[in-house]
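# Reading the structure
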Amino acid sequence: MAHDEILLRSHLSNYKYRDITSREVISLIQVYRSLTYRLEGFVFNNGVRKELLNLEGTIPVNYKGAFYNIPVCIWLMDTHPKNAPLCFVKPTADMSIKISKYIDSNGKVYLPYLHEWNSNGSTLLMLVQCMISAFGEIPPVFSKPRNETRPPYPVNSFMPLPSGYPYPAVGQPQFGNPSATPYPTTSNVPYPNFGTPYPGAANTNGAPFSPANTTPYPPTTGYPATADVAGGTITEEHIKASLLSAVEDKLRRRLKEQSQQSQAELQTLRRTQEELREGKSRLEDIMTRLQRERAELDKNVAILQEKEKELQSAVEHLGEQESVDVDEAVVTTAPLYSQLLNAFAEEATLEDAIYYMGEALRKEVIDLDTFLKQVRTLARRQFTLRALMHKCRQKAQLAC
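Residues numbered from 1 in each chain as written. Predicted model: local features only at pLDDT ≥ 70, side-chain atom pairs only at ≥ 80, totals over all residues. Heavy atoms only, no water.

### Some points on the overall build of the chain
Basically, it comes down to this: Numbering goes from the N terminus for both helices and strands, where a helix is a DSSP run of H or I of at least four residues and a strand is a run of E of at least two. Should any heavy atoms of two residues lie within 4.5 Å, those residues are counted as being in contact. Each accessible area is a Shrake-Rupley estimate made with a 1.4 Å probe; only the visible protein chains count as cover when residues are assessed.
Assigned secondary structure in the chain consists of seven helices and six strands. Counting helices and strands in the order they occur from the N terminus, the chain gives α-α-β-β-β-β-β-α-α-β-α-α-α. In the chain, once contacts between residues fewer than 6 apart in sequence are set aside, the share between residues at least 24 apart is 60%. Here the chain has roughly 26,200 Å² of accessible surface; of this, 55% comes from carbon and sulfur atoms.

### Some thoughts on the packing of helix H2 (residues 18-31) against helix H4 (residues 124-137)
Selection rule: Geometry is summarised by axes, namely lines fitted to C-alpha atoms with helices restricted to the contacting stretch, and by angles between N-to-C directions that run from 0 to 180 degrees. In this scheme, roughly parallel covers angles under 35 degrees and roughly antiparallel covers those over 145, while 65 to 115 is roughly perpendicular and the rest are oblique. Basically, the charged four are Asp, Glu, Lys and Arg, the nonpolar ten are Ala, Val, Leu, Ile, Met, Phe, Trp, Tyr, Cys and Pro, and anything else, Gly included, counts as polar.
Running from N to C, H2 and H4 point in directions that differ by 40 degrees, and their axes come no closer than 8 Å. Here H4 runs oblique to H2, going by the angle between their axes. Two secondary-structure elements touch here, H2 through Glu24, Val25, Leu28 and Val31 and H4 through Leu124, Leu125 and Val128. Classifying every residue of the contact of H2 with H4 by side-chain character gives six nonpolar, no polar and one charged.

### Section: the pairing of strand S1 (residues 36-43)
Under the convention used in this document: When DSSP finds two or more bridges between two strands, those strands count as paired.
The pairing of S1 with strand S2 (residues 49-63) spans eight bridges and is classified as antiparallel. For Tyr37, the partnering residue across the bridge sits in S2 and is Leu55. Between S1 and S2, which follow one another and run antiparallel, lie five residues, and Gly47 among them has a positive phi close to 90 degrees.

### Remarks on the pattern of salt bridges
Formally: Salt bridges are counted wherever a side-chain nitrogen of Lys or Arg sits within 4 Å of a carboxyl oxygen of Asp or Glu. The classification of residues rests on relative accessible area computed with a 1.4 Å probe and restricted to protein chains. Under 20% of the type maximum is buried, over 50% is exposed, and intermediate values are partly exposed.
Within this structure, the stated rule accounts for 14 salt bridges. For Glu40, the salt bridge identified is with Arg38, shortest N-O distance 2.9 Å. Notably, a salt bridge pairs Arg49 with Glu51, separated by 2.8 Å at the nearest N-O pair. Overall, the relative accessible area of 41% leaves Arg49 in the partly exposed class.

### Some points on the packing of aromatic side chains
Going by this rule: Aromatic rings from Phe, Tyr and Trp, with only the six-membered ring used for Trp, were paired whenever their centres fell within 6.5 Å, and each pair was classed as stacked if the ring planes differed by under 30 degrees, edge-to-face if by over 60, and tilted otherwise. Two thresholds decide whether a charge sits over a ring: the Lys NZ or Arg CZ must be within 6 Å of the ring centre and within 35 degrees of the ring normal.
For the coordinates displayed, the defined rule picks out three aromatic pairs. If you follow Lys108 out to its NZ or CZ, it ends over the ring of Tyr110, 4.5 Å from the centre.

### What about the side chain of Ser122?
With respect to the helices and strands, Ser122 occurs in the loop between helix H3 (112-115) and H4. On the accessibility criterion, Ser122 (6% relative accessible area) is buried. The residues contacting Ser122, other than those within four sequence positions of it, are Glu24, Tyr113, Glu116 and Trp117.

### Some details on unusual backbone geometry
Cis geometry is adopted by the peptide bond preceding Pro81, which originates at His80 and carries an omega value of 5 degrees. Within the element layout of this structure, Pro81 appears in the loop between strand S3 (66-76) and strand S4 (86-89). Backbone geometry places Glu364, a non-glycine residue, at a positive phi of 60 degrees. Within the fold, Glu364 resides in the loop between helix H6 (335-362) and helix H7 (368-396). The phi torsion at Gln397 lies on the positive side, around 60 degrees, for a residue other than glycine.

### Description of the environment of Lys108
With respect to the helices, strands and loops of the structure, Lys108 is situated in the loop between strand S5 (95-97) and H3. Relative accessible area serves as the criterion here: at 7%, Lys108 is assigned to the buried category. Between the C-alpha atom of Lys108 and that of Val89, which follows or precedes it by 19 residues, the distance is 6.5 Å.

### Here we look at the pairing of S3
Extensive coverage of S3 is indicated by the burial of eight of its eleven residues. Two strands pair when backbone bridges link them, and S2 and S3 are joined in this way by eleven bridges, in the antiparallel orientation. Considered in S3, the bridge of Leu55 is made with Ile74. Hairpin connection of S2 to S3: two residues between the antiparallel strands, including Lys64 at a positive phi of 55 degrees. Pairing geometry for S3 and S4, over four bridges, is antiparallel. Within the sheet, the bridge partner assigned to Ile74 lies in S4 and is Cys87.

### Details of the nonpolar core
This is how the line gets drawn: In this text, buried Ala, Val, Leu, Ile, Met, Phe, Trp, Tyr and Cys residues form a nonpolar core when linked through side-chain atoms within 4.5 Å.
Membership of the largest hydrophobic core comes to 51 residues, with the highest contact counts inside it found for Val25, Ile59, Ile70, Leu111, Leu127, Met131 and Phe135. Only H2, S1, S2, S3, S4, S5, H3 and H4 provide two or more residues apiece to this core. Among the elements that make up this core, the one with the highest residue count is H4 (ten residues). The next biggest cluster of nonpolar side chains, apart from the first, holds ten residues, and it includes Val375, Leu385, Met389 and Cys392.

### Describing the environment of Arg376
As for its placement among the helices and strands, Arg376 is situated in helix H7. In the structure, Arg376 is positioned 22 residues away from Ile354 in sequence and 9.7 Å away in space, judged by C-alpha atoms.

### Thoughts on H4
As a reminder of what qualifies: By this rule the span expected of a helix is its residue count minus one, scaled by 1.5 Å.
With 14 residues, H4 should cover 20 Å at 1.5 Å per step; its first-to-last C-alpha distance of 20 Å lies within 8% of that length. Within H4, 13 of the 14 residues are buried, which leaves the element mostly enclosed by the surrounding structure.

### Quick look at the sheet that holds S2
Spatial ordering of the open sheet is given by S1-S2-S3-S4, a layout of four strands whose pairing is antiparallel. Looking at strand neighbours, the two that pair on one side only are S1 and S4, the edges of this open sheet. Strand after strand, the sheet turns through a mean of 35 degrees between neighbouring axes, direction not considered. Each of S2, S3 and S4 touches H4; the most contacted strand, S2, lies at about 45 degrees to it.

Listed below in structure tokens is the structure:
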């Protein structure tokens, strides 16, 4: 599955909403495993060619208690899900398209679900379920007579062909609104035959299909056929039983459709519930972190307020005191320490004096002779003071 997701995302590299489309396709092929996807060229009526994702395969349709695999293909626009897909029925060699309110002569599918496509609520899974329901009500194909020759499919059709097929234009579409909905160009090249059998070739259980009944769908004439029942004609009881069976089948299909729609809505609501729960958990974590940070900030603010009060009280206390003489600010405990302190202060002043004399020489305020003379005097005094400090430290037994 991971490999399929990587391959699918590579196919959807040019799609605007790649993540949403990938999730929908994966969800669809997990339910309907006969559907496969591939990237193919799609040519519109105006000659524009795009590489679009094509979902093709069979979908199971229940018609009068029997299941038939109907081959379909679904083309996803590069703006999916903003724009509705293009759906087609692809009959096999021994089948013909049955035109109805859902299918035109080219095999294009028309459904209210496609007409009312909504990017926020419509999904591919619901689309396939609506196709199954519609095809169960009105079959999209019927079996050809065995002596009928099959022309290349499709003739003057607007079904898209694989990218390797030519695309000669053969005319304008006869169904739908060609100016509003883009269709692929037509072609007389036979459409590739798919291995999945249609009704009339094999049934869903794998047993050979009986040649005595080659039309699993109603005859195209639509007239009821007469038959002998136990050697007699059809009676009112038989007609009544047939009507009851038809009504029962229709009600069963309606209930199944409603059940599938309800299940799809329930799945959507469950996903929304999970997303809301995850969002709630994230919001609770954010609120907890914010409360913790707020408590720390309140604590720091209280500490700063206390320090501010201490500084204000210290400033007021200093303001009430008298001015302090600098020379009397530091008082030593012994004359030796006083001598050491005075020597250190004088030596520091000599260091500063030598520095500023060097700056004066650099700025040419004094000449070199004056600089050398003064520096020699200051250095001699500085050496004397340093020797005095060394002796005082030895006398006081301090570290030298």
